[in-house]
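# Breakdown of the fold
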Amino acid sequence: MENRQSDPYATDKVISFLEENTPDYFRYMASIFGEHFLTAQEIMNKTKVGPIKLANYIKKQLVSYKLYSDYLEECSTLGYDLTDSAVLYPKDLRRKHTETSALCRYKTDDKEINKSRKRAEKLRKNGAEYSRGRLMIVVPNDTVEIIIEGAQQSHCVGGYVTKHSEGKTTILFIRKKSDPFTPYFTLEMDMANRIVRQCYGKANKQSYRDNLEVNQLLEHYIRHLEYKSKKGIKTA
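To keep things clear, this report deals only with the structure shown in the data block. Each chain has its residues counted from 1, following the order in which its sequence is written. Only residues with pLDDT of at least 70 get local features here, since the model is predicted, and only at 80 or more are side-chain atom pairs given and counted; chain-wide, interface and lining totals rely on the full set of residues. Side-chain numbers come from the whole structure's heavy atoms, not from hydrogens or water.

Further remarks concern the overall build of the chain. The way it works is that DSSP assigns letters per residue, a run of H or I at least four long becomes a helix, a run of E at least two long becomes a strand, and they are numbered from the N terminus. Each helix and strand counted, the chain has eleven helices and five strands in total. The contacts of the chain with a sequence gap of at least 6 include a subset with a gap of at least 24, amounting to 59%. Per-residue accessibility takes into account occlusion by the displayed protein chains alone, with areas from the Shrake-Rupley method and a 1.4 Å probe. Of the accessible surface of the chain, which amounts to about 14,100 Å², a share of 50% is contributed by carbon and sulfur atoms. Whether two residues are in contact is decided by their heavy atoms: any pair within 4.5 Å suffices.

This is the structure in structure tokens:
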């Protein structure tokens, strides 16, 4: 058996930790994490969340620490902001974990990515992209870009990747021409009927109806689609 030298600094940290916390604290943490306190420590290091707050959240959600740890790992893979409380403490952790698991699969699913790229080609060919004034409407290249958009905008557009790829809905990005690679507003369209289903800025805090410039852009965009339709061009 390999002999390992003890780390005096690590030993001092353990002793200090034991001295600073009460038996009730350890009993409570053990009821949540069992013998896997190191996993709890990893979560705390990753999220900068205190142990009691972390344990209380997991207990309230009626889930295991492992599910929460997996969820955070998936959020990291998807590029989510782990300092955002909406990401750290979803109201329904089980449902959110199911969503992030699916998105991680989509991110590496070549078949799904290729399907979405074909849809992007068709949308561009049929004139789905548009610009007016300082803004432009662009077609996402694939499911990966939609997932990244959801991560950067802190909303659930990533959950629409399948419907978008299958043509059941259409996800588009609104960008500033001066900053074309930074998300501004995310748009969901019913292209066949030329209807805005929803359009929001970061974290769904601002609707297009509350932004005059975006609202006017969409009014002109719908006229653009109607013109295409009269010409017999299907943009869906």
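Once you've had a look at it, read on.
Okay, the packing of helix α5 (residues 65-78) against helix α7 (residues 93-107) next. The angle between two axes is taken between their N-to-C directions and runs from 0 to 180 degrees, where each axis is a line fitted to C-alpha atoms and a helix contributes only its stretch in contact. Relative orientation of the contacting elements α5 and α7 amounts to 40°, with a least axis distance of 9 Å. Comparing the axis directions of α5 and α7 gives the class oblique. Where α5 crosses over α7, the handedness of that crossing is left-handed. Note on element contacts: α7 touches α5 through L93, R94, K96, H97, T100, S101, L103, C104 and K107, opposite L67, Y68, D70, Y71, E74, C75, T77 and L78. Orientation categories follow fixed angle ranges, with anything under 35 degrees roughly parallel, anything over 145 roughly antiparallel, 65 to 115 roughly perpendicular, and all other angles oblique. Handedness of a helix crossing follows the sense of rotation of the near helix relative to the far helix, less than a right angle counterclockwise being left-handed and clockwise being right-handed.

Another aspect to go through is the side chain of H164. Note on placement: H164 falls in helix α10 (residues 161-165). Those residues in contact with H164, other than ones at most four positions away along the chain, are R119, L123, P140, I146, T169, T170 and I171.

Relative to strand β5 (residues 195-200), strand β4 (residues 185-190) runs antiparallel, the two being bridged by five bridges. By the bridge assignment, E188 is partnered in β5 with Q198. Criterion used throughout: strands pair if DSSP finds at least two bridges between them. In textbook terms, the turn of a hairpin is the stretch between consecutive antiparallel strands, and for β4 and β5 this stretch comprises four residues, one of which, R194, has a positive phi near 55°.

Attention now goes to α5. By this rule the span expected of a helix is its residue count minus one, scaled by 1.5 Å. Given a rise of 1.5 Å per residue, 14 residues ought to cover 20 Å, and the 20 Å separating the end C-alpha atoms of α5 matches this to within 8%. Here the term buried applies to any residue with accessible area under 20% of the maximum for its type, exposed to any over 50%, and partly exposed to those in between, with areas from a 1.4 Å probe on protein chains only. Here α5 has its buried residues at Y65, L67, Y68, S69, Y71, L72, E74, C75 and L78. Directly beyond the C-terminal end of α5, a positive phi value near 85° is found at G79.

The subject of this paragraph is the packing of aromatic side chains. Note on aromatic pairs: the rings of Phe, Tyr and Trp (six-membered ring only in Trp) are paired at centre separations within 6.5 Å, and the planes decide the class, stacked below 30 degrees, edge-to-face beyond 60, tilted for the rest. Enumeration according to the criterion identifies five aromatic pairs in this entry. Ring plane angle 65° and centroid distance 5.2 Å describe the contact between Y57 and Y89, whose orientation is recorded as edge-to-face. Remark: Y89 occurs in the loop between α6 (85-88) and α7 and Y57 occurs in helix α4 (residues 51-61); sequence separation between them is 32 residues. Judged by relative accessible area, Y57 falls into the buried class, the value being 9%. Aromatic ring contacts, followed pair by pair, group Y57, Y68, Y71 and Y89 into a single cluster. The rule for a charge over a ring is simple: NZ of Lys or CZ of Arg within 6 Å of the ring centre, and within 35 degrees of the ring normal. Between K176 and the ring centre of Y184, over which it is positioned, the NZ or CZ distance is 4.8 Å.

The strand order across the open sheet built from five strands is β1-β2-β3-β4-β5, with neighbouring strands paired in antiparallel fashion. In this open sheet, the two strands that pair with only one neighbour each are β1 (130-132) and β5. Direction aside, neighbouring strands of the sheet carry axes that sit 20° apart on average. Two elements, strand β2 (residues 135-138) and strand β3 (residues 170-176), share four bridges in a ladder whose sense is antiparallel. Bridge pairing in β3 places L135 opposite K176. The strands touched by helix α11 (residues 212-230) are β1, β2, β3, β4 and β5; relative to β1, the strand with the most contacts, the crossing angle is about 130°.

The next thing to look at is the pattern of salt bridges. We define a salt bridge as a side-chain nitrogen of Lys or Arg found within 4 Å of a carboxyl oxygen belonging to Asp or Glu. Inspection of the entire model under this criterion finds ten salt bridges. A salt bridge links R124 to E129, with the nearest nitrogen and oxygen atoms 3.4 Å apart. Judged by relative accessible area, which is 33%, E129 ranks as partly exposed. Of the charged contacts, one joins R175 and E149 as a salt bridge, the two residues approaching to 2.9 Å between their closest N and O atoms. Taken together, the positions of R175 in strand β3 and E149 in helix α9 (residues 143-153) put the pair 26 residues apart, joining distant regions of the chain. Under the relative-accessibility criterion, E149 is labelled buried at 1%. Three or more residues are tied together by salt bridges with common partners; here these are R95, K96 and E99.

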